[in-house]
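Residue strings, one per chain:
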Amino acid sequence: PRMAYLMADLTVWTAVVLPGVVFGVAVGAWAFDLALSISFLIVPAVLLVVTTAAALGYAMASVLPPMMPMLLSQVLVFGVLLFSPINYPAERLPEWMQTVHSLLPVQAMGEVVRGSLATDTFPLSTAPFVTLAIWCAAALSLSYVTLQRRA
């Protein structure tokens, strides 16, 4: 079945990414002398973030012509690193951009990971989990529909 292929592919990419994430957090905590207060929600949080990111990439690759996902991924990397409220508070953005970012998954990804790694400093609510679940379900559905058409 096509959904089994999709889930297997997402599982492989999740397994590839997770060691780097753990290593990056460990090195960052050591280098910057951060005291982490890890929540029990860290596992579902990271799995949801990684699955959502991979599903979005898969959906882009499934729907767009071959060269477009490569170009779009590079544009998104710069956009996420420079213009998203992960490294700075969302209040520094214009109001319209705050609204846009509240609907996109990037801010929710940052809030979920931050909130589950440093529960003493960053409060964690259900809203970013819901946002990510919606984006993940939409990306998986789009990928599935596209794969069904190609069968």
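For every chain, the first residue of the written sequence is number 1, and numbering continues from 1 along that sequence. In keeping with the model being predicted, local features are shown solely for residues with a pLDDT of at least 70 and side-chain atom pairs are shown and tallied solely at 80 or more, while totals for entire chains, interfaces and linings include all residues. Heavy atoms from the whole structure form the basis of all side-chain values; hydrogens and water molecules are not counted.

Trainee: What should I look at first to understand the overall build of the chain in this one?
Mentor: Scanning the chain from terminus to terminus reveals 6 helices and 0 strands. Going along the chain from the N terminus, every DSSP run of H or I of four or more residues is numbered as a helix, and every run of E of two or more is numbered as a strand. Ordered by position from the N terminus, the helices and strands of the chain form the series α-α-α-α-α-α. C-alpha atoms define the radius of gyration, and 2.2 Å times the number of residues to the power 0.38 defines the globule rule. Since a compact globule built from 151 residues should have a radius of gyration of about 15 Å, the 16 Å found for the chain is in line with a globular shape. Projected onto its principal axes, the C-alpha positions of the chain cover 50 × 35 × 25 Å. For every residue, the accessible area obtained with a 1.4 Å probe (protein chains only) is divided by the maximum for its type, and the residue is called buried under 20%, exposed over 50%, and partly exposed between those limits. In the chain, which comprises 151 residues, the proportion classed as buried is 30%. Contacts were defined at the residue level, with two residues in contact if any of their heavy atoms lie within 4.5 Å. For the chain, the share of sequence-separated contacts (at least 6 apart) that also reach a separation of at least 24 residues comes to 69%. Just so you have it, the chain exposes about 9,600 Å², and 74% of that area is on carbon and sulfur atoms. Within this scheme the basic residues Lys and Arg register as positive and the acidic residues Asp and Glu register as negative, but His and the chain ends are omitted. Lys charges are placed at NZ, Arg charges at CZ, Asp charges at CG and Glu charges at CD. Counting 5 positive and 6 negative side-chain charges, the chain places the centres of these two groups 20 Å from one another. Each accessible area is a Shrake-Rupley estimate made with a 1.4 Å probe; only the visible protein chains count as cover when residues are assessed.

Trainee: Explain the packing of aromatic side chains here, please?
Mentor: Two measures describe an aromatic ring pair: the distance that separates the ring centres and the angle between the ring planes. Only the six-membered ring of Trp is used, alongside the rings of Phe and Tyr, when aromatic pairs are assigned; centres must lie within 6.5 Å, and planes under 30 degrees apart are stacked while those over 60 apart are edge-to-face, with the rest tilted. According to the stated counting rule, one finds 0 aromatic pairs in the structure shown. The ring centre of phenylalanine 122 lies 5.3 Å from the NZ or CZ of arginine 114, which sits over that ring. A positively charged side chain is recorded as over a ring if its NZ (Lys) or CZ (Arg) lies within 6 Å of the ring centre. The angle to the ring normal must also be within 35 degrees.

Trainee: Would you explain helix H1 (residues 2-31) in this entry?
Mentor: Note on helix geometry: an α-helix contains 3.6 residues per turn, so any two residues three or four positions apart are oriented the same way. Helix span, as expected, comes to 1.5 Å for every residue beyond the first. Along its 30 residues, H1 runs 43 Å from first to last C-alpha, staying within 8% of the 44 Å computed at 1.5 Å per residue. Of all the bends in H1, the greatest reaches close to 25° and is centred on valine 17; the proline proline 19 follows between one and four positions later. Residues of H1 that are buried include every one of Leu6, Leu10, Thr14, Gly28 and Ala29, and no others. Within two residues after H1, aspartate 33 carries a phi angle of roughly 55°, on the positive side. To get the bend at a residue, fit one axis to the 7 residues ending there and another to the 7 starting there, then take the angle between the axes.

Trainee: So what exactly am I meant to see when it comes to the side chain of threonine 146 here?
Mentor: Here threonine 146 lies in helix H6 (residues 127-150). Judged by relative accessible area, threonine 146 falls into the buried class, the value being 12%. Beyond its immediate chain neighbours, meaning those up to four positions away, threonine 146 contacts Ser62 and Val63.

Taken by themselves, the reported measurements are silent on function.
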